[in-house]
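The primary structure of each chain is shown beneath.
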Amino acid sequence: MRAEDFLSAIKKIKAEALASIKDSGSPEELANMRHRFLGRKSELTAILRKLGELSADQRPGVGKEANVAREAVEEAFAKKQEGLDKGHLEKRLQEEAADITLPGRRPRVGRKHILTRVVEEIIDIFLGLGFRIAEGPEVELDYYNFEALNIPKDHPARSLQDTLYVASNGDDVLLRTHTSPVQIRVMEEEQPPLHIIAPGKVYRRDVADPTHSPMFHQVEGFAVDSDISFGDLKGTLECFVLNMFGEERQVRFRPHYFAFTEPSAEVDVSCGHCDARGCRACGGKGWLEILGAGMIDPNVLKEVGYDPEEHVGFAFGMGVERIAMLKYGLKDLRLFFENDLRFLEQF
Amino acid sequence: MLLSLDWLQEYVDVDIGAEELADKMSLTGTEVESIQRIGTPGQEDVVLHLEITPNRPDCMGVIGMARETGAFLQKKIKKPMVRSREINVPVSQSVKVKVADRELCPRYAARVLRNIKVSESPDWMKKRLEAIGVRSVNNVVDITNYVMLESGQPLHAFDMDRLVGDAIEVRRAAPEEKIIAIDGIERALNSEMLVIADGQGPVAIAGVMGGANSEVSGETKTILLESANFDPTSVLKTSRQLGLISESSLRFERGVDIGGTLWALDRAAELVRELASGEVLKGHIDVFQEPPKQRQILLRSARVNKILGTELTGEEIGDVLGRLGLGVSLQSPAQASNPELMIQIPSFRVDLEREIDVIEEVARLYGYDRIEATLPASRQRQGLLTRRQKSEGMIKELLIAAGLWETINFSFLDDSELDSLGYAKDSPEKRLVELRNPITSEQSKMRSSLIPGLIRTINVNVARSLSELRIFEMGRVFHPERGRTLPIERLVAAGALTGRTERGLGRQEESWDFFDAKGVVEFLLGRLGIESASFERSQGLPYHEGRCARVVIGEKILGRVGELHPEVQSKMELPNRVALFELDIDALIEALPPTGSFAELSRYPTVSVDLAVVVDEDVASGKVEEVIRGQAGDLLERLVIFDLYTGAPVPKGRKSLAYSLTFRAPDRTLDWAEVETVRDEIVRELESKLQAGLRI
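**Q** Explain the packing of helix α5 (residues 139-151) of chain B against helix α8 (residues 261-275) of chain B here, please?
**A** What describes two packed helices is the angle between their axes and the distance between those same axes. Residue and element names in this part refer to chain B. Where α5 contacts α8, the axes come no closer than 9 Å and their chain directions differ by 145 degrees. Crossing of α5 against α8: the hand is right-handed. Together, Asn139, Ile143, Tyr146, Val147, Glu150 and Ser151 of α5 and Trp263, Ala264, Arg267, Ala268, Leu271, Val272 and Leu275 of α8 make up the contact between the two elements. Residues belonging to the contact of α5 with α8 are distributed by class as follows: nine nonpolar, two polar and two charged.

Structure below.
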């Protein structure tokens with residue numbers, strides 16, 4: 001073949017290829033064309049192989065032309081490919097457009113009971129304050145529940161009607177009426193310094209109604225060291241209350257009486273609706289009672305073999321349900337133990 | 001206790017509004033529960049509803065509250081002066097009093113008044129009584145009530161002419177003695193109870209209530225006015241045993257001021273003289289051997305400041321206590337920085353016995369709000385959970401991740417629930433911790449299993465059209481143990497899955513059954529890293545005998561998984577099958593592996609093959625898996641059963657099981673031939689061990 005023939009063949013192939021590329025409608029067709037025009041068995045490749053037939057002075061010119069044509073075709077392919085890809089993607093995007101108002105497929109995950117979450121929240125705050133967790137039995141000896149806590153038999157604070165006793169054991173075994181026995185059990189076993197909280201179930205001989213329950217939850221806390229003061233009790237509980245209910249709340253301590261602490265206090269948090277001014281939510285009082293607390297009575301310390309001159313301590317107790325009710329505006333204690341799914345779902 | 005502001009004003013000048021007064025009372029230890037405005041224009045009064053703590057019997061009278069009010073308002077109180085205008089007839093001629101039990105009656109004082117005219121009380125007295133909810137009866141009875149409400153000292157008036165004989169005795173009741181109290185109800189007494197008796201028998205239950213036989217009436221001419229001091233514990237017991245609580249018993253059970261006996265008696269006698277024109281016989285009867293010594297308590301300022309976290313001076317402390325009517329004298333040199341003080345306790349403060357009691361008074365009056373809030377010294381302590389506490393929390397989290405909702409049920413149950421569930425007589429669940437004084441039979445035992453509570457929860461929800469439930473509870477169960485005073489408390493996690501998921505777009509309905517409960521347990525064990533646990537067929541109600549397994553590690557039982565027996569299900573009116581599991585938390589935690597070490601990840605690709613085998617129907621899939629794993633060795637990365645089929649073309653009595661096996665080597669790319677070889681070996685092993693055939 002002559003150089004002119006080569007050149008015209010190249011021109012023809014190029015034109016043909018560009019036209020075919022232009023007409024290709026799908027990525028598959030384009031791939032076929034690519035094979036046909038640029039593959040190992042394509043005309044252009046064949047021509048390049050035959051360049052050897054040309055004379056040395058003709059070869060560069062034709063070779064260059066062939067390469068230019070090849071590059072042009074490559075470029076056209078790339079362009080077309082891009083266009084096709086884009087079109088294809090657009091089509092796919094269009095086809096796959098979903099009604100995004102349809103519901104998502106939700107994972108089936110469970111939920112913690114609201115009381116567990118409140119207890120955990122309380123625990124977290126006290127862990128942060130350096131307290132540890134201790135536990136004790138729910139069926140308890142009279143000694144730990146009353147006697148050792150400075151509540152002897154015939155003490156007015158110990159009304160028989162409030163306590164559930166276990167049968168066939170006389171008066172000695174009962175369902176603990178508070179989590180305070182854990183205080184005694186820990187102090188019997190360990191030496192100060194102690195910084196402990198004890199969450200758990202407690203029981204009272206009460207018929208279930210919106211404000212009473214035969215079973216409920218308390219968190220007890222106490223600290224014993226050589227230099228614990230009422231000021232430390234205040235600081236610890238203020239820290240707790242503000243963490244639990246919000247920094248904007250106020251805390252107040254009112255003198256009260258408990259057999260196992262002295263001085264004793266009840267702790268109130270300001271009503272979240274009226275900022276202690278008094279409104280319907282707080283029954284006009286402005287304050288909501290949430291904790292009982294005080295300095296551990298020397299008799300209690302003596303009972304476990306501590307020397308009250310050497311060690312002092314504070315203790316406090318709170319009702320978990322009460323805190324949950326205040327926090328979430330619940331009015332009926334029974335809901336916690338009914339386990340209606342619609343209730344559990346809300347928290 | 002109700003307190004009339006108008007009445008209070010008689011003893012102390014209250015120059016602040018009712019709300020502010022109530023706030024101050026609350027912040028010094030007398031909680032004001034409500035404030036009520038009563039009366040007519042020009043005659044308004046405010047009634048405060050007070051919560052008097054059990055240690056403060058002295059506040060159970062208007063004068064006591066006046067003292068408190070005076071202390072925080074820094075005002076002097078005006079206690080009425082009592083003058084006794086007596087006639088010249090000695091009381092000792094008219095009646096003799098014998099106190100047989102000095103322990104239960106440390107003091108018995110009385111006066112006799114004659115020629116009295118019982119009639120209505122004057123309006124001012126009626127108004128005061130009615131303001132705080134006390135019904136007016138007649139002037140004599142009203143006076144005893146009035147003086148009690150004023151001073152805190154209960155009083156009683158006997159109609160002397162109705163007493164038999166001329167002597168009364170304070171003694172324990174004789175066995176089988178009875179009394180009709182002024183409420184008209186006859187009560188049997190016992191020898192633990194103290195009574196006032198005349199020549200015939202009891203005329204009053206000491207400190208609790210008078211008898212109808214000697215009650216003051218319109219005809220009464222002569223009265224014996226009693227002002228006594230009874231033992232608090234004795235009055236408490238008697239009142240509880242008789243189910244009879246009175247204003248009098250409420251005061252005596254907390255402790256009445258033994259130094260105030262005569263003041264109240266004279267005050268009442270004077271009022272009877274004035275308002276019922278009585279003549280007061282000369283002198284008191286006062287059976288009272290030793291006058292109590294005035295209590296003194298040493299108070300160390302250093303101790304006050306240590307306990308409270310304050311820096312109060314001896315002077316500040318003395319000032320606070322002085323306001324409460326306590327005597328204070330300095331024991332240390334005047335300049336001492338933390339002086340010691342000797343505190344004289346007046347008789348009405350029966351609660352102040354120890355230094356700490358006085359420290360509380362300092363704190364209370366100084367003001368809790370003025371004590372600076374601090375935090376305990378750190379001592380390098382850390383707030384950490386124990387491994388066990390963390391594990392418990394993790395188990396809960398995993399059950400929630402497995403799709404279960406946590407419930408909390410009462411720790412009680414009733415035998416009938418266990419009967420309905422069909423537990424065998426000798427099952428551990430039937431051995432129960434019983435309550436002596438339960439409120440209802442449904443709450444008469446401590447639970448021995450969490451299952452009854454879960455079933456209760458299902459029933460509650462089903463009744464409210466919520467029939468698909470995936471729930472669990474983690475809580476204690478109780479078992480009595482011979483030789484132990486306290487029962488064994490075991491922490492258990494139990495779950496229940498029942499019902500059908502709701503239909504949803506692009507989602508199949510699922511009915512929960514045995515394999516869902518088992519799956520939860522497998523998931524939990526897997527995540528906890530407990531690999532050695534296996535499932536063994538198990539039986540026994542309340543479980544379905546064909547769908548129940550024990551979860552075991554060797555000999556140790558971790559728990560059970562199973563469906564509720566269909567008969568139990570229908571007996572308990574449950575609409576759907578219930579898949580349950582119970583796991584012992586202690587056993588789980590004991591089985592927890594030590595922290596595992598990292599296994600290198602292979603960088604080479606996997607090769608997967610499917611294997612469908614036909615075995616006899618009674619060959620357990622677990623057995624087939626065991627053979628496959630045993631033969632495949634370490635190259636087998638994953639084994640999943642994806643089909644279980646019976647019916648043509650699989651011969652009768654046989655079943656087809658299809659598994660997908662994924663192989664991977666740690667150090668090379670597996671070639672197909674190698675995997676084929678392993679597969680062929682597995683097939684041969686299945687053929688020889690389980691008479692399995694290959695299904696193509």
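**Q** Before we go on, may I ask you to explain the nonpolar core in this structure?
**A** Most often, soluble globular proteins keep nonpolar side chains buried together rather than apart. By size, the foremost hydrophobic cluster in this structure holds 169 residues, and its most contacted members are A:Phe316 and B:Leu8. With nine residues, helix α5 (residues 114-128) of chain A is the single largest residue contributor to this core. Counting residues in hydrophobic clusters, the runner-up holds 40 residues, among them B:Val91, B:Cys105, B:Ala173 and B:Leu224.

**Q** Help me out: how do you make sense of the packing of aromatic side chains in this one?
**A** What describes a pair of aromatic rings is the distance from one ring centre to the other and the angle between the planes of the rings. All names here are of chain A. Counted according to the given criterion, the structure contains 18 aromatic pairs over all chains. For the ring pair Phe126 and Phe316, a centre distance of 5.2 Å and an interplane angle of 25 degrees mean the geometry is stacked. Taken together, the residues Phe126 in helix α5 and Phe316 in strand β9 (residues 312-319) connect sequence positions 190 residues apart. Residue class for Phe126 comes out buried when judged on its relative accessible area of 0%. Under the relative-accessibility criterion, Phe316 is labelled buried at 2%.

**Q** Teacher, can you tell me more about the sheet that holds strand β4 (residues 194-203) of chain A here?
**A** The strands that make up a sheet are held in pairs by hydrogen bonds between backbone atoms, and each pair lies either parallel or antiparallel. All names here are of chain A. Strand order in the open sheet formed by seven strands is β1-β4-β5-β9-β8-β7-β6, with mixed pairing between adjacent strands. Each edge of the open sheet carries a strand with a single partner, namely β1 (132-133) and β6 (251-258). Bridge count for strand β7 (residues 261-270) against strand β8 (residues 287-296) is eight bridges, and the pairing is antiparallel. Looking at the pairing, Ser270 lines up with Trp287 of β8. Of the strands in this sheet, β1, β4, β5 (215-225) and β9 are in contact with α5, which crosses β4 at around 165 degrees.

**Q** What's the story with the layout of surface pockets in this structure? I'm lost.
**A** Picture a little ball the size of a water molecule; that probe, rolled over the atoms, points out where space is still empty. Residues and elements named next belong to chain B. A volume near 1600 Å³ is recorded for the second largest pocket. As for the second largest pocket, its lining consists of 35 residues, and the residues nearest its centre are Phe515, Lys518, Glu522, Ser621 and Gly622. Counting residues per element, the ones that place at least two in the lining of the second largest pocket are α15 (514-528), β26 (534-537), β27 (543-553), α18 (621-632), β31 (636-645) and β32 (654-663). When residues of the lining of the second largest pocket are assigned to their parent elements, the largest contribution, eight residues, is made by α15.

Cut-offs and rules
Residues numbered from 1 in each chain as written. Chains lettered and ligands numbered in written order. Predicted model: local features only at pLDDT ≥ 70, side-chain atom pairs only at ≥ 80, totals over all residues. Heavy atoms only, no water. Axes fitted to C-alpha atoms, helices over the stretch in contact; angles between N-to-C directions. Helix = DSSP H or I, 4+ residues; strand = E, 2+ residues; numbered from the N terminus. Left-handed = near helix turned anticlockwise from the far one by under 90°. Contact = heavy atoms within 4.5 Å. Nonpolar A, V, L, I, M, F, W, Y, C, P; charged D, E, K, R; others polar. Core = buried A, V, L, I, M, F, W, Y, C linked by side-chain atoms within 4.5 Å. Buried < 20%, exposed > 50% of the residue type's maximum accessible area, 1.4 Å probe, protein only. Phe/Tyr/Trp six-rings, centres within 6.5 Å; stacked < 30°, edge-to-face > 60°. Pairing = 2+ DSSP bridges. 1 Å grid on protein atoms, 1.4 Å probe; cavity = no way out; pocket = protein on both sides within 12 Å on 5 of 7 lines; lining within 4 Å. Points joined across faces, edges and corners; volume = space filled by probe spheres on them.

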